[in-house]
Amino acid sequence: MKKSILIFAIVLIALSLTAFNIINGKDSKSEKTETTKNKELALNTNAVYEAPIGPILKTDSIKTKPEVFEDFIYDVGSRFAPMKKSDLEKATSLDAFFTWEELRAISKIKFVEIIVIENERQTQKREISYTKDFTEAQLKLLQSFDYTSHFNLRIEYLEKNSVGQLEHKFNSPHITIVPEKQAAYVDGKDALKKYLKESSSEARKEVDPEKLQAAKLHFIITKLGTIENVKLDRTSNYPLVDKTMIDLIKNLSGKWKPAENEKGEKMDQEMVVSFGLMGC
């Protein structure tokens with residue numbers, strides 16, 4: 001019996017030593033293989049790099065293509081909302097400026113003020129009334145406006161909300177008097193806006209939207225359909241963008257149809273290109 005136990009113990013010890021050597025051999029081989037790979041990579045040999053699992057982070061050595069700010073809003077037309085001179089001459093009340101639905105919502109008018117705008121600023125040339133019908137002084141002021149005149153029509157009023165309570169509201173449209181037939185780019189406004197956007201892309205590289213400002217560029221379309229007096233009225237805060245826009249308008253290849261008054265006579269008209277961010 002003792003002899004059998006002794007033999008069993010010897011066999012068990014032998015198996016344990018064999019297993020230990022096998023495991024140790026595998027670990028040594030694995031460690032040697034990993035070391036060899038690292039040496040090969042360090043020496044820039046033909047070793048194949050196995051990418052780690054997980055997100056790959058961009059490094060400073062990778063150059064990315066500069067982004068072009070695309071939300072570059074353009075509009076081409078009059079400075080403010082256009083109103084024909086012939087329509088202005090017929091205006092005797094707020095009916096000429098607001099819809100029936102807008103006026104119907106008003107419970108009480110507090111005041112209506114017509115304010116002349118000159119050099120982008122409201123002036124003291126103004127007249128006030130307290131009903132939707134214009135006073136004689138207001139009518140006289142409106143009749144004095146000529147083409148390219150600008151004014152602000154400010155109305156303050158009370159309006160019932162959803163629970164029937166009166167709330168103070170105001171509306172303040174800015175208006176520019178325009179010819180009966182406005183000057184127009186032969187290829188259309190959309191084509192002009194597309195041309196301005198595509199042609200200014202190089203100047204707009206890496207423009208920071210936080211620093212970009214609403215800008216305006218003024219010019220005259222003469223009765224001959226030519227462009228004159230191109231000038232920057234308000235900067236975008238990026239001189240290169242401003243200069244590019246000025247050059248694009250000055251060197252515009254397309255033709256313009258000149259404006260016409262109510263008699264069909266050709267006349268000059270001021271046009272405005274708005275760019276940068278949306279603004280007045």
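For the structure, check the block above.
Counting restarts for each chain, with residues numbered from 1 along the sequence as it is written. Only residues with pLDDT of at least 70 get local features here, since the model is predicted, and only at 80 or more are side-chain atom pairs given and counted; chain-wide, interface and lining totals rely on the full set of residues. Hydrogens and water molecules were not included; the side-chain quantities draw on all heavy atoms of the structure.

Colleague: What exactly am I supposed to notice about the nonpolar core here?
Modeller: Soluble globular proteins tend to bury their nonpolar side chains together. We define the nonpolar core as a collection of buried residues of types Ala, Val, Leu, Ile, Met, Phe, Trp, Tyr and Cys that are connected through side-chain atoms lying within 4.5 Å of one another. Relative accessible area decides the class of each residue, using a 1.4 Å probe on protein chains only: under 20% of the type maximum gives buried, over 50% gives exposed, and in between gives partly exposed. Core analysis: the biggest nonpolar cluster contains 51 residues, and Phe97, Phe134, Phe151, Met245 and Trp256 have the highest contact counts within it. By definition in these notes, contact holds between two residues if any of their heavy atoms fall within 4.5 Å. Residues within four places of Phe151 in sequence aside, it is in contact with Leu88, Phe97, Ile114, Ile115, Val116, Ile117, Leu142, Phe145, Pro173, His174, Ile175 and Ile177.

Colleague: Help me understand helix 6 (residues 239-250) in this model?
Modeller: Every α-helical turn comprises 3.6 residues, leaving residues that sit three or four positions apart pointing alike. A rise of 1.5 Å per residue sets the reference length of helix 6, with its twelve residues, at 16 Å; its end C-alpha atoms lie 17 Å apart and thus fit the reference within 8%. The way it works is that DSSP assigns letters per residue, a run of H or I at least four long becomes a helix, a run of E at least two long becomes a strand, and they are numbered from the N terminus. Elements in contact with the buried residues of helix 6: helix 5 (189-199), strand 9 (215-221), strand 10 (227-234) and strand 14 (269-275). A helix's residues, less one, multiplied by 1.5 Å, set its expected span.

Colleague: In this structure, what is going on with the packing of aromatic side chains? I would like to understand it.
Modeller: Aromatic rings considered in pairs are described by the distance between their centres and by the relative angle of their planes. Stacked, edge-to-face and tilted are the three classes for Phe, Tyr and Trp ring pairs, Trp counted by its six-membered ring, which pair at centre distances within 6.5 Å; planes under 30 degrees apart are stacked, over 60 edge-to-face, the rest tilted. For the structure shown, the criterion picks out seven aromatic pairs. A ring pair is formed by Phe219 and Trp256, whose centres lie 5.9 Å apart and whose planes are at 70 degrees; its orientation type is edge-to-face. In this pair, Phe219 is assigned in strand 9 and Trp256 in strand 11 (residues 256-257), connecting sequence segments 37 residues apart. Taken individually, Phe219 and Trp256 each receive the classification buried, so the pair is uniform in this respect. In this structure an aromatic cluster arises from ring pairing among Phe97, Phe134, Phe145 and Phe151. Charge-over-ring contacts are defined here by two conditions on Lys NZ or Arg CZ: a distance within 6 Å of the ring centre and an angle within 35 degrees of the ring normal. Positioned over the ring face of Tyr147 is Lys85, at 6.0 Å from the centre of the ring. Geometry around Phe72 places Arg204 over its ring, the cationic atom sitting 4.9 Å from the centre.

Colleague: Where do I start with the side chain of Glu156 in this structure?
Modeller: Structurally, the position occupied by Glu156 is in strand 5 (residues 150-160). Glu156 sits in the buried class, given a relative accessible area of 12%. Any pair of N or O atoms that falls within 3.5 Å is considered a polar contact. Within protein, one atom must be able to donate a hydrogen and the other to accept it, and sequence-neighbouring residues count only if both atoms are side-chain atoms. Side-chain polar atoms of Glu156 contact the side chain of His168, separated by 2.8 Å. Once you skip the residues sitting within four places of it in the chain, Glu156 turns out to touch Ile109, Lys110, Phe111, His168, Lys169 and Phe170.

Colleague: How should I be thinking about the pattern of salt bridges in this particular structure?
Modeller: Where charged atoms of side chains with opposite charge meet at close range, the side chains can pair. Salt-bridge detection follows one rule: a side-chain nitrogen of Lys or Arg within 4 Å of a carboxyl oxygen of Asp or Glu. Applying the stated criterion to the full structure yields 13 salt bridges. Of the charged contacts in the structure, one is a salt bridge between Arg126 and Glu113, with a shortest N-O distance of 3.7 Å. Residue Arg126 is located in strand 4 (residues 121-129), and its partner Glu113 is located in strand 3 (residues 106-118); the two are separated by 13 residues in the primary sequence. For Arg234, the salt bridge goes to Glu120, with nearest N and O atoms at 2.9 Å.

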